[in-house]
Amino acid sequence: MTFDRSSFTLTRSTPVRSGGDLPSRRNLLKSFCACCAGFAIAPAGFSLLAEADRAEAATAQGTIRVGHLPAGCVSHLLLAKARGMFEKAGINAQLTQFNGPDKNILALQSGNVDVAHNPWTTTIAAYADNSKNLRIVGGSGLAGIELVARAGSVKNVNEFIAAAGKGLRVAYGTMAMHSKKYDDYAMQFFPSMVGMGEAIASGAVDVCSLAQPYAESVVAQNNAVYIANSNDVWGPAAPDCVINSTDAYISKNGELLTAYQQVLVAAAKDFYGDFDAAIKDLQPIYGAPKEILAVALRRQAPNPVIGDAGAAGIRNGVKYLIDLGYLKTNVAHEVLDLKYQPA
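As the structure is a computational prediction, the values presented were derived from the model and not from experiment. (Residues numbered from 1 in each chain as written. Predicted model: local features only at pLDDT ≥ 70, side-chain atom pairs only at ≥ 80, totals over all residues. Heavy atoms only, no water.)

**Side note on the overall build of the protein chain**
Thought 1: Check the secondary structure of the protein chain and you find 16 helices and 12 strands.
Thought 2: In the protein chain, which comprises 343 residues, the share counted as buried stands at 59%.
Thought 3: Restricting the contact set of the protein chain to residue pairs at least 6 apart, pairs at least 24 apart contribute 79%.
Thought 4: Accessible area for the protein chain stands at about 12700 Å²; split by element, carbon and sulfur atoms hold 49% of it. (Helix = DSSP H or I, 4+ residues; strand = E, 2+ residues; numbered from the N terminus. Buried < 20%, exposed > 50% of the residue type's maximum accessible area, 1.4 Å probe, protein only. Contact = heavy atoms within 4.5 Å. Areas by Shrake-Rupley, 256 points an atom, 1.4 Å probe, with all protein chains shown as cover.)

Put into structure tokens, the structure is as follows:
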């Protein structure tokens, strides 16, 4: 089975703050910890990836240490690892899962990983918080941070915006582009995405942000609905997660960085070329039910190369973060360093 990425429903929304707290870059970092820590890779998945590790280490010409999240935005990374594609390219890709973007970015800053697949918002916030060595070097996924509404609350973005000032309980929001602020909603902060999913199920919140594949699990089990997507906010080419590195690593390992991304491009082509086969290989790694994973990975697809439209989407997204009070200036042009992407 093959399919066209342009037919996907791509979602994306803006970040949350803790109720009653002033927005800050530090809150921005923490908020994405809550959004991306729902599904861990299954134990069997770790065994599969460990076997690939041993094979790559025996033949590697270059080693790259990779941090990633348990999210749909790394499906092509996990697929490449499971199928031995890094090994064939002479690369020993050592994968480490982090259950929050803040931990992932800290591992990158401390030199424990060389690249990190992480939300670009986390990188922008850390850079603005004086981590000037961070760079976005390539793409990873499209969408996957879904704005989900519980059954019986609101059905779409128009109803969400119309509910401003009416006590709608929100754990995230698509607000800035509609000139709405956090004060227009009953904002609530959750320390984990699992907590937000449970809050939707129990009726404790009306709208929240969830990452794939956990988002689809919550939607399927609770008759919830997706109400926002990145096409509405930043454009269909705007990335969700990206590949991050440091200027020091980039300056010394440009060729290896390009080779690594070339493998990801090849894996993404395999993903799109035979989706059923990709799901068959990925399901034991993610450990999510096949029917959940299939829907989730259609909604959050591989996006290994950031084009001009994608870069513009990031710059546009930073404008919304400024409008919401998280950032003061648009530093996207300083953080984007895409020269080692595959042509």
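**So, the confidence of the model for the protein chain**
Thought 1: Summarising the model, the protein chain shows a mean pLDDT of 80, and 76% of its residues fall at 70 or more.
Thought 2: Per-element confidence in the protein chain is highest for strand E4 (residues 134-139), whose mean pLDDT is 98, and lowest for helix H1 (residues 25-35), whose mean pLDDT is 48.
Thought 3: The model gives residues 1-23 a pLDDT under 50, and that stretch makes 93 contacts with residues more than four places away or in other chains.
Thought 4: Counted against residues more than four places away or in other chains, residues 29-34, with its pLDDT under 50, gives 24 contacts. (pLDDT = per-residue confidence, 0-100.)

**Overview of unusual backbone geometry**
Thought 1: Backbone geometry places Asn-130, a non-glycine residue, at a positive phi of 80°.
Thought 2: With respect to the secondary-structure elements, Asn-130 resides in the loop between helix H6 (120-128) and E4.
Thought 3: Classification of Asn-130 as exposed rests on a relative accessible area of 63%.
Thought 4: Look at Asn-223: it is not a glycine, yet its phi comes out positive at around 55°.
Thought 5: Checked against the element boundaries, Asn-223 lands in the loop between helix H9 (214-222) and strand E10 (225-228).

**A few points about the pattern of salt bridges**
Opposite charge on two side chains permits them to pair, given that their charged atoms come into close proximity.
Thought 1: In total, this model carries six salt bridges according to the counting rule given.
Thought 2: Across the salt bridge formed by Arg-83 and Asp-281, the nearest N and O atoms sit 2.8 Å from each other. Here Asp-281 lies in helix H13 (residues 275-286) and Arg-83 lies in the loop between helix H3 (75-82) and helix H4 (85-88), a separation of 198 residues in the sequence.
Thought 3: Residue Asp-206 is joined to Arg-150 by a salt bridge in which the shortest nitrogen-to-oxygen separation is 2.8 Å. On the criterion of sequence distance, the pair formed by Asp-206 in the loop between helix H8 (193-202) and strand E9 (207-211) and Arg-150 in the loop between strand E6 (145-149) and helix H7 (157-162) is long-range, its members being 56 residues apart.
Thought 4: Accessibility expressed as a relative area gives 6% for Asp-206, which makes it buried.
Thought 5: A single salt-bridge network, built from bridges that share partners, covers Arg-83, Asp-270 and Asp-281. (Salt bridge = Lys/Arg side-chain N within 4 Å of Asp/Glu carboxyl O.)

**Describing the sheet that holds strand E1 (residues 62-68)**
Working definition: the strands of a sheet are paired by backbone hydrogen bonds and lie parallel or antiparallel to each other.
Thought 1: Taken together, five strands build an open sheet; the order of strands is E2-E1-E3-E11-E4 and the sheet is mixed. Taken across any chain shown, the strands that pair with only one partner, and hence form the sheet edges, are strand E2 (91-97) and E4. Between one strand axis and the next, the sheet turns by 30° as a mean value, whatever way the strands run.
Thought 2: Across seven bridges, the pairing between E1 and E2 is parallel. Note on E2: the bridge partner recorded for Thr-63 is Asn-92.
Thought 3: With respect to the sheet, H3 is in contact with E1, E2 and strand E3 (115-119), its orientation differing from that of E2 by roughly 130°. (Pairing = 2+ DSSP bridges. Axes fitted to C-alpha atoms, helices over the stretch in contact; angles between N-to-C directions.)

**Regarding the packing of aromatic side chains**
Thought 1: Scanning all chains against the criterion turns up three aromatic pairs.
Thought 2: Ring plane angle 10° and centroid distance 5.5 Å describe the contact between Phe-86 and Tyr-260, whose orientation is recorded as stacked. With a gap of 174 residues between them, Phe-86 in helix H4 and Tyr-260 in helix H12 (residues 254-273) connect regions that are remote in the sequence.
Thought 3: Between the aromatic rings of Phe-271 and Phe-275, the centroid separation amounts to 5.4 Å while the plane-to-plane angle is 80°, which identifies the pairing as edge-to-face.
Thought 4: Given a relative accessible area of 0%, Phe-271 falls into the buried group.
Thought 5: An aromatic cluster of at least three residues, connected via ring pairs, comprises Phe-271, Tyr-272 and Phe-275. (Phe/Tyr/Trp six-rings, centres within 6.5 Å; stacked < 30°, edge-to-face > 60°.)

**A word on H6**
Thought 1: Counting buried residues along H6, nine of its nine residues qualify, which places the element largely inside the surrounding structure.
Thought 2: Turning to H6, its buried residues are Trp-120, Thr-121, Thr-122, Thr-123, Ile-124, Ala-125, Ala-126, Tyr-127 and Ala-128.
Thought 3: Positive backbone phi, approximately 80°, marks Asn-130, located one or two places after H6.

**Section: the environment of Asp-337**
Thought 1: With respect to the helices, strands and loops of the structure, Asp-337 is situated in the segment after helix H16 (332-335).
Thought 2: Classification of Asp-337 by relative accessible area gives buried; the value is 17%.
Thought 3: Along the sequence, Asp-337 and Ile-136 sit 201 residues apart, while their C-alpha atoms lie 5.7 Å from each other.
Thought 4: If near-sequence neighbours (up to four positions away) are discounted, Asp-337 is found in contact with Arg-135, Ile-136, Val-137 and Ile-250.
Thought 5: Reaching out from Asp-337, the side chain makes a polar contact with the side chain of Lys-339 at a distance of 2.8 Å. (Polar contact = N/O pair within 3.5 Å; in protein donor to acceptor, adjacent residues only side chain to side chain.)

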